[in-house]
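Okay, here's what each chain looks like letter by letter:
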Amino acid sequence: MGVGGLWPGILCDWLLFEAGEGVCGSLCDWFPFQEPFSPSEEHVLVVRLLVKHLHAFSNSLKPEQMSSSASAHSHTHTSPLEEFKRVVVQRFVQQKLFLFLQHCFSHWPLDASFRAVLETWLSYIQPWRYTGEKSGPQPDPNRTVPDKWEPFVHENLLMYTKLFQLFLNRAVRTDLVNVKNALMVFRVAKVFVQPNLVEMIQKGEQLFLEPEHVLHHRQSRGYLSPSQGGSYLSSRQRVVTDTVFKVKSHVYSLEGQDCRYKQMFGSEFRAAVLNFIQVIAQARQTAKRISDRSGEVAANSSFLFWFGFGSADLNNTLTGTEPEESGECLKKTHEFLDRALDNLCQIFKLNQGQLTQLISTLSFSQEDGPSKQLPECILGESGLILTDAGRKQIINGLRRFDIQYQGDPELQPIRSYENALLVRFFYRISSLVNERFGGHMNTLCLRSDFLGHLGRYYLMDADYVRRKRSPMSRHTLERSRRPRLSLRPLASYRTLLLLLLLYVLGALVSLGPLSSAVLLLMGALLYGILQTLFRDKLKTQ
């Protein structure tokens, strides 16, 4: 597709982008109290398409034209179209795109839809991907960024440094156990680890931090001839001075003259990177823990669970496994985070010893079972209030609240392993019995002798009484402590299967249904007596 056929599409996309910003600006002028402008995902995809087309359009300059335009004395025969190709990105796109991306980085929801914004940013900061050169089906990950792109990196310094810092602030607050979020972290690390790119960014930061008095000294000597006390290197000094002014003008035009530039490779941001590496390591451990726990749950859900060899935790059955937490996704998450860690260590020159120390410190702080600790909270008027650190702990799976059903045990939602008709039927029967004989059961359980202990074993749920309760549900505690008959376990398919097998076994030894029922009741009574006796002996010891 030639330039003539490509340009109308580029112009159309550019007009769409300009129209979107114009509408946003007019709305903000007329309605200052409106919510911030929120672009849609489709809008961002159109902007990304525009960026890719503009890079391809700018890179369509011929090499001799690029070299001639770079010369200080090149004012010869440059067509308007070629001149437009040379300046379109820096003059017409850079500032508006930076503000657009900065707004999206700050206001976009912390979910996987941010991938569209991320790819738009990565497309802009990698113009060498759109040079038209044919590459293999699999791009070389160790391909060095050519030196000719150093001016682009310097003149777009904030696109690399400021937006990387904003991305890091987002990623720390994101659930990195989610494979889509882990992929985004890996994508950014993979782009910045390209050979020669980090050196270009560091050189651009050094040029921006060049003191002003040194520039004036260079400028005063740079334009002197050798006979006037100058140097044959004066032309090179002029190039360095021009580059410094371009970098400074780029930063000041976007951030203002009084901006406080935060270095990407400075000590302040390095501390944030080390903290982010710890967050990644925590997410890896969480993914491994979830994977191991899902394997245990799968083992407990085997056929042997029907025969009573597994535990039926009613509270855990309320929580399901998300698609992102499947075994294959967790394996990809671990792979993405591993490679992101390696790339970040290369970008910020962290050796293996520093990385091992960070991870070992994290493992040491978590060896007592952090997932069983409560997140960091403060006590407010209405109960516990999460702090910012507590929210991060929950997002990264480091700690969690022990969420349990705290209502009436008889009114819990019907489970998949229960028969709904039998649950409702047994609830009505037990309600009638409890209403009619509640006083007698209460009197029995208040006794301090063996019959009282036996009554409390059958008619009171000791585990339910011992559970921690939120302040809002404490008023239901007294009602739950009252003795009552519960027939709901009989509605479980597992219990029904066991009863059926016992009746079949009784039939094989010539026992009728009534005899089998009497034996079952006697066995249940004997089991309760033994449990009560052993429990009392353990308490006395």
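Residues numbered from 1 in each chain as written. Predicted model: local features only at pLDDT ≥ 70, side-chain atom pairs only at ≥ 80, totals over all residues. Heavy atoms only, no water.

1. Here's the deal with the overall build of the chain
Here is the rule: Numbering goes from the N terminus for both helices and strands, where a helix is a DSSP run of H or I of at least four residues and a strand is a run of E of at least two. Partly exposed residues are those whose accessible area sits between 20% and 50% of the maximum for their type, while under 20% is buried and over 50% is exposed, using a 1.4 Å probe and protein chains only. Note on definitions: a residue-residue contact is assigned when non-hydrogen atoms from the two residues lie within 4.5 Å. All accessible areas in this document rest on Shrake-Rupley with a 1.4 Å probe, and a residue is counted as covered only by the protein chains that are shown.
When its secondary structure is counted, the chain shows 21 helices and two strands. When each of the 541 residues of the chain is scored for burial, the buried share is 34%. In the chain, of all internal contacts separated by at least 6 residues, the share reaching a separation of at least 24 is 79%. As displayed, the chain has an accessible area near 32800 Å², and 59% of this comes from carbon and sulfur atoms.

2. Description of the UniProt feature "transmembrane region" (unreviewed entry) in the chain
Spelled out, the test is: UniProt positions are given in the numbering used here, feature names are shortened, and annotations may be inferred rather than shown by experiment.
The feature "transmembrane region" (unreviewed entry), as given by UniProt, occupies residues 517-534 in the numbering adopted here. As annotated, residues 517-534 has a helix share of 100% and a strand share of 0%, and its two end C-alpha atoms lie 26 Å apart.

3. Section: unusual backbone geometry
In this model, N196 sits at a positive phi of 85 degrees, which is unusual for a non-glycine residue. With respect to the helices, strands and loops of the structure, N196 is situated in the loop between helix 8 (179-192) and helix 9 (197-208). The backbone phi angle of K349 is positive, close to 55 degrees, even though this residue is not glycine. Here K349 shows up in the loop between helix 13 (327-347) and helix 14 (352-366).

4. Here we look at helix 4 (residues 80-107)
To keep things clear, this is the line we draw: Here the expected span of a helix is defined as 1.5 Å times the quantity of residues minus one. Values of bend correspond, residue by residue, to the angle between axes fitted over the seven residues ending at that residue and the seven starting there.
If you check helix 4, its first and last C-alpha atoms are 39 Å apart, about what 28 residues at 1.5 Å a residue would give, namely 40 Å. Of all bends in helix 4, the biggest is about 60 degrees, found at V87.

5. Some points on the nonpolar core
The tendency in soluble globular proteins is for nonpolar side chains to be buried side by side. Quick note on the threshold: Put simply, a nonpolar core is a bunch of buried Ala, Val, Leu, Ile, Met, Phe, Trp, Tyr and Cys residues held in one set by side-chain atoms that sit within 4.5 Å of each other.
Ranked by internal contacts, the top residues of the largest apolar core, which has 85 residues, are W121, Y160 and F192. At eleven residues, the largest contribution of residues to this core is made by helix 7 (residues 157-172). Residues contacting Y160, with those up to four places away along its chain left out, are W121, I125, P127, W128, F152, V153, F192, L197, I201 and M264.

6. As for the pattern of salt bridges
Threshold: Every case where a carboxyl oxygen of Asp or Glu lies within 4 Å of a side-chain nitrogen of Lys or Arg is listed as a salt bridge.
Using the criterion set out here, one finds 14 salt bridges in the structure. Here E119 makes a salt bridge to R187, at a shortest N to O gap of 2.9 Å. Taken together, the residues E119 in helix 5 (residues 115-124) and R187 in helix 8 connect sequence positions 68 residues apart. Residue E119 shares its accessibility class with R187, and that shared class is buried. The partner of R447 in a salt bridge is D449, with the nearest N and O atoms 2.5 Å apart.

7. Section: a nonpolar patch on the surface
Convention followed: Candidates for patches are residues over 30% relative accessible area with no salt bridge; among them, like charges are joined within 9 Å and nonpolar side chains (Val, Leu, Ile, Met, Phe, Trp, Tyr) within 5 Å.
Where nonpolar side chains cluster on the molecular surface, the patch consists of L500, L502, V504, L505, L508, V509, L511, L514, V518, L519 and M522 and spans about 1100 Å² of accessible area. Element by element, the count of residues in the nonpolar patch is highest for helix 20 (residues 493-508), at five residues. With respect to the element layout, L519 can be found in helix 21 (residues 513-540). Of the residues examined, L519 reaches a relative accessible area of 48% and is grouped as partly exposed.

8. Notes on the packing of helix 5 against helix 8
The geometry of a pair of packed helices is captured by two quantities: the angle between their axes and the separation between those axes. As a reminder, the rule being used: Throughout, an axis means a line fitted to C-alpha atoms (over the contacting stretch in the case of helices), and angles, computed between N-to-C directions, take values from 0 to 180 degrees. Comment on the angle field: the value is read as roughly parallel under 35 degrees, roughly antiparallel over 145, roughly perpendicular from 65 to 115, and oblique elsewhere.
Remark: helix 5 packs on helix 8, axes separated minimally by 11 Å, with the N-to-C direction vectors making an angle of 5 degrees. Here helix 8 runs roughly parallel to helix 5, going by the angle between their axes. Between helix 5 and helix 8, the residues in contact are R115, L118, E119, W121 and L122 and L183, M184, R187, V188, V191 and F192, respectively.

9. Let's talk about the side chain of H250
Keep this limit in mind: Think of a polar contact as two N or O atoms within 3.5 Å of one another; within protein, one of them needs to be a possible hydrogen donor and the other a possible acceptor, and neighboring residues in sequence only count if both atoms come from side chains.
Secondary-structure assignment places H250 in helix 11 (residues 234-255). You can call H250 buried: its relative accessible area is 4%. Within the local environment of H250, its side chain forms a polar contact with the backbone nitrogen of L157, the two atoms lying 3.1 Å apart. A polar contact of 3.1 Å, which involves the side chain of H250, links it to the backbone nitrogen of L158.

10. As for the environment of I277
For I277, the location among the structural elements is in helix 12 (residues 267-300). Considered as a pair, I277 and C345 are 68 residues apart in the sequence and their alpha carbons are 9.0 Å apart. Apart from the residues within four sequence positions on either side, I277 is in contact with L341, L344, L350, L355 and L358.

11. A closer look at the environment of L514
Along the chain, L514 falls in helix 21. The spacing of L514 and Y503 is eleven residues in sequence and 9.9 Å in space, taken between C-alpha atoms.

12. Structural notes on helix 13
The terminal C-alpha atoms of helix 13, which comprises 21 residues, lie 30 Å apart, in line with the 30 Å expected from a rise of 1.5 Å per residue. Residues of helix 13 that are buried include every one of L330, T333, F336, L337, A340, L341, N343, L344, C345 and I347, and no others. Directly beyond the C-terminal end of helix 13, a positive phi value near 55 degrees is found at K349.

13. Points about the confidence of the model for the chain
Here is the rule we go by: What pLDDT conveys is the predictor's confidence in a given residue, as a value from 0 to 100.
The predicted model of the chain averages 76 in pLDDT, with 68% of residues at 70 or higher. The least confident element of the chain is helix 1 (residues 3-30), whose mean pLDDT is 44; the most confident is helix 5, at 96. Residue range residues 303-321 is modelled with pLDDT below 50. Its contacts to residues more than four positions away, or to other chains, number 27 contacts. Below a pLDDT of 50 lies the segment residues 471-475, which in the model reaches two contacts outside its immediate sequence neighbourhood of four places, other chains included.

14. Structural notes on the packing of aromatic side chains
Applied cut-off: Pairing of aromatic side chains here covers Phe, Tyr and the six-membered ring of Trp, requires ring centres within 6.5 Å, and sorts the geometry by plane angle: under 30 degrees stacked, over 60 edge-to-face, intermediate tilted.
Following the criterion strictly, the structure yields 20 aromatic pairs and no others. With a centroid separation of 6.4 Å and an interplanar angle of 85 degrees, the aromatic rings of Y160 and F192 are classed as edge-to-face. A residue pair is termed long-range when its members are at least 10 positions apart, and Y160 in helix 7 and F192 in helix 8 qualify at 32 residues. Comparing Y160 with F192 shows no difference in burial state: the two are buried.

15. Things to note about the packing of helix 16 (residues 420-446) against helix 17 (residues 450-459)
Close contact between helix 16 and helix 17 brings their axes to 6 Å; oriented N to C, the two are set at 125 degrees. In terms of orientation, helix 16 lies oblique with respect to helix 17. Between helix 16 and helix 17, the contacting residues are M441, L444, C445 and L446 on the first element and L451, G452, G455, R456 and L459 on the second.

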